[in-house]
Amino acid sequence: MNHTKAPFRYDIVGSFLRPEALKNAREAFVRNEITAAQLEAAEDAAIARLVAKERDIGLLAVTDGEFRRRYWHLDFLAALGGVEEIGATQWSVAFKGAQPKAATIKITDQVDFSGHPFLAHFRYLNSLAGDARAKMTIPSPSMLHLISCVRATNYKPIPRYENEETLFEDIARAYQKAIRAFYEAGCRYLQFDDTSWGEFCDPEKRAAYEARGFDLAHIERAYVAMVNRALEAKPADMTITMHICRGNFRSTWFSSGGYEPVAEILFGGCRVDGFFLEYDSDRAGGFAPLSHIKDQRVVLGLVTSKSGTLEKKEDIVQRIREAQKYVPLDQLCLSPQCGFSSTEEGNILTEDEQWNKLRLIKEIAQSVWN
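The rules behind the values
Sequence order as written defines the numbering, with residues in each chain counted from 1. Predicted model: local features are reported for residues with pLDDT of at least 70 only, side-chain atom pairs are reported and counted for 80 or more only, and whole-chain, interface and lining totals are derived from all residues. Side-chain numbers come from the whole structure's heavy atoms, not from hydrogens or water. Under the DSSP-based scheme used, a helix requires at least four consecutive residues in state H or I and a strand at least two consecutive residues in state E, with every element numbered from the N terminus. Partly exposed residues are those whose accessible area sits between 20% and 50% of the maximum for their type, while under 20% is buried and over 50% is exposed, using a 1.4 Å probe and protein chains only. Between N-to-C directions, angles span 0 to 180 degrees; the directions come from axes that are lines fitted to C-alpha atoms, helices contributing only their stretch in contact. For any helix crossing, the convention is left-handed if the near helix is rotated counterclockwise from the far helix by under a right angle, and right-handed if that rotation is clockwise. Any two residues having at least one pair of non-hydrogen atoms within 4.5 Å are treated as being in contact. Classification used: nonpolar for Ala, Val, Leu, Ile, Met, Phe, Trp, Tyr, Cys and Pro, charged for Asp, Glu, Lys and Arg, polar for all others including Gly. Whether a set of points on the 1 Å grid over the protein atoms alone is a cavity depends on a 1.4 Å probe fitting there but being unable to get out, while an open set qualifies as a pocket with protein on both sides within 12 Å along at least five of seven lines; lining residues are those with an atom within 4 Å of a point. Grid points are joined across faces, edges and corners, and a volume is the space filled by probe spheres set on the points. Each helix should span, by expectation, one fewer than its residue count multiplied by 1.5 Å. What makes two strands pair is DSSP finding at least two bridges between them. The criterion is simple. A nonpolar core is a set of buried Ala, Val, Leu, Ile, Met, Phe, Trp, Tyr and Cys residues joined through side-chain atoms within 4.5 Å. Nitrogen and oxygen atoms within 3.5 Å of one another constitute a polar contact, given that in protein one can donate a hydrogen and the other can accept it, and given that sequence-neighbouring residues count only through two side-chain atoms. Working definition: the arc comes from the directions between the helix axis and the C-beta atoms, pointing outward to the latter. Here a Phe, Tyr or Trp ring, Trp counted by its six-membered ring, pairs with any other such ring whose centre lies within 6.5 Å, and the pair is stacked when the planes are under 30 degrees apart, edge-to-face when over 60, and tilted otherwise. We count a charge as sitting over a ring when the NZ of a lysine or the CZ of an arginine lies within 6 Å of the ring centre and within 35 degrees of the ring normal.

Participant: An account of the environment of K205 is needed here, citing residue identities and associated values.
Facilitator: Here K205 is to be found in helix α8 (residues 203-211). Judged by relative accessible area, which is 17%, K205 ranks as buried. Residues K205 and G257, spaced 52 residues apart in sequence, show a C-alpha to C-alpha distance of 10.0 Å.

Participant: Help me get a handle on the packing of helix α5 (residues 141-151) against helix α9 (residues 216-231), residues and values and all.
Facilitator: The geometry of α5 relative to α9 is characterised by a closest axis approach of 9 Å and an angle of 140° between their N-to-C directions. Handedness of the α5/α9 crossing: right-handed. Taking contact as the criterion, the partners of P141, S142, H145, L146 and V150 in α5 are, on α9, I219, Y223, M226 and V227. Split by residue class, the contact of α5 with α9 holds seven nonpolar, two polar and no charged.

Participant: Mind laying out the environment of R359, listing which residues take part and the relevant values?
Facilitator: With respect to the helices and strands, the residue R359 is situated in helix α12 (residues 351-368). In sequence terms R359 and L22 are 337 residues apart; their C-alpha atoms lie 24 Å from each other. Discounting chain neighbours no more than four positions away, the residues touching R359 are K53 and I57.

Participant: Would you mind going over the layout of surface pockets in detail, with residue names and values included?
Facilitator: What the second largest pocket holds in volume is close to 320 Å³. Around the second largest pocket, the lining comprises 14 residues; the ones closest to its centre are R26, L39, E43, R68 and H121. Looking at the lining of the second largest pocket, the elements that each hand over two or more residues are α1 (20-30), α2 (36-56) and α4 (117-128). Among the elements that take part in the lining of the second largest pocket, α2 stands out by supplying four residues, more than any other. Across the lining of the second largest pocket, the residue classes break down as six nonpolar, one polar and seven charged.

Participant: I'd like a rundown of α12, residues and numbers included.
Facilitator: Its 18 residues place the ends of α12 26 Å apart at the C-alpha level, agreeing with the 26 Å of an ideal helix rising 1.5 Å per residue. Considered for burial, the residues of α12 that qualify are Q354, W355, K357, L358, L360, I361, I364, A365 and V368. Residues of α12 that are buried sit in contact with α2, β9 (297-303), α11 (313-323) and β10 (332-336).

Participant: Lay out the sheet that holds strand β5 (residues 136-139) with the relevant residues and their values.
Facilitator: Strand order across the open sheet formed by six strands is β5-β6-β7-β8-β9-β10, with parallel pairing between neighbours. Sheet topology places β5 and β10 at the edges, where each strand pairs with a single neighbour. Neighbour-to-neighbour, the strand axes of this sheet turn through a mean angle of 25°, independent of strand direction.

Participant: Provide a residue-level description of the nonpolar core, including the pertinent values.
Facilitator: F182, L190, L266, L290, L300 and I320 are the most contacted members of the largest nonpolar core, which totals 109 residues. Residue contributions to this core peak at 10 residues, all from helix α6 (residues 164-184). Contacts of L266, omitting those with residues within four sequence positions, involve W197, V224, M242, I244 and F275. Among the nonpolar cores identified, the runner-up in size contains eight residues, and V13, A61, Y189 and F276 belong to it.

Participant: Can you break down the side chain of T137 residue by residue, with the values?
Facilitator: Counting through the fold element by element, T137 comes out in strand β5. A distance of 2.7 Å separates a polar atom in the side chain of T137 from a polar atom in the side chain of E66.

Participant: Report on α4, specifying residues and quantitative values.
Facilitator: Buried within α4 we find F118, L119, H121, F122 and L125. End-on view of α4: buried residues confined to an arc of 155°, all on one side of the axis. Looking at the packing, one finds that the buried side of α4 touches α2, β1 (61-62), α3 (74-77), β4 (133-134), β5 and α6. A positive backbone phi angle near 60° is found at G130, which sits one or two residues after α4.

Participant: Tell me about the packing of aromatic side chains, and name the residues and values.
Facilitator: Applying the stated criterion across every chain yields a total of 16 aromatic pairs. Arranged with centres 6.4 Å apart and planes meeting at 80°, the rings of F168 and Y223 form a pair that is edge-to-face. Here Y223 lies in helix α9 and F168 lies in helix α6, a separation of 55 residues in the sequence. F168 gets classed as buried once you look at its relative accessible area, which sits at 5%. Seen in terms of ring centroids, W197 and F200 are 5.8 Å apart; in terms of plane orientation they differ by 85°. Their pairing is edge-to-face. Pair noted here: W197 and F200 are both in helix α7 (residues 196-200), with a separation of three residues, about one helical turn. Comparing W197 with F200, the two get one shared label, buried. One aromatic cluster is present, formed by F168, W197, F200, Y209, F214 and Y223 through successive ring pairs. A cation sits over an aromatic face here: R188 above Y183, 3.6 Å from the ring centre.

Shown next as structure tokens:
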């Protein structure tokens, strides 16, 4: 356990199951039975209890569980300048089971960042963190383009973005401002959550996008360049990681496929400090693509957040040893494969099972990196 810079040997992705009291408060707010201030007070109380629990079990990084959000991504993106949330008749991707409440976003003006509600959310989290590291999670820059311009079948650029390179540059500049703003608010650990790469790993989704005329090799290079451009604003004492996800709603998923199609451009070219990678099922493929990793830390998501069944310690240790063939052990860490509640509905497991997963991760990490 010989490093103190995030990501940590045992870490978390970000979201936690919403407690019933918070769910009830949000439903009451939707029905106009409580005020926005009363909802915020309920959120504050739930987050304070969550952070106390995170610290109690010994997590080195703590989050607010994304308790103030409906979705892991839309709440942040829709609050950027030039972006609006709009209704949708159906979700833009199909999960293998239950479906979230449909919504999406649209680019209506120049994309920008000029303040954001998430800054106050972070400040409150940071006030509770104590000697733990307060970790903020936001959607990756790639997600704004993917949702608005790739998934959307009716995308028509505004005049400013008829040259798509201008859009990529504006998104990168907006994220530069976001990085600086979070840093000024005290954030030293920021995570970009990203499902685009999970989709680009999926042979069926690749074929579908290519059939619509998309040049995925060009898009992948553009996404890495856009993230790297945003990272130019990162101070030396700030850690920024990326979590690659294949979908997470009510314990279901929407993408499947190993990292081979994207490993060289993403692992070899993206200058984040670490990757949180899903490796809890055969859908993620093997570890060989990790041979493209440079000096980034790799947080192995070997413990699933989709089920309450507890993994066997010896099985996880064995898989860490397998990954070690491609990445030095000192660059490896351990976490759940995803958050426990990417949307407010949450995955299908209990809060006790959620915490048991994290205790197991800590126990394994302490035995492997002693």
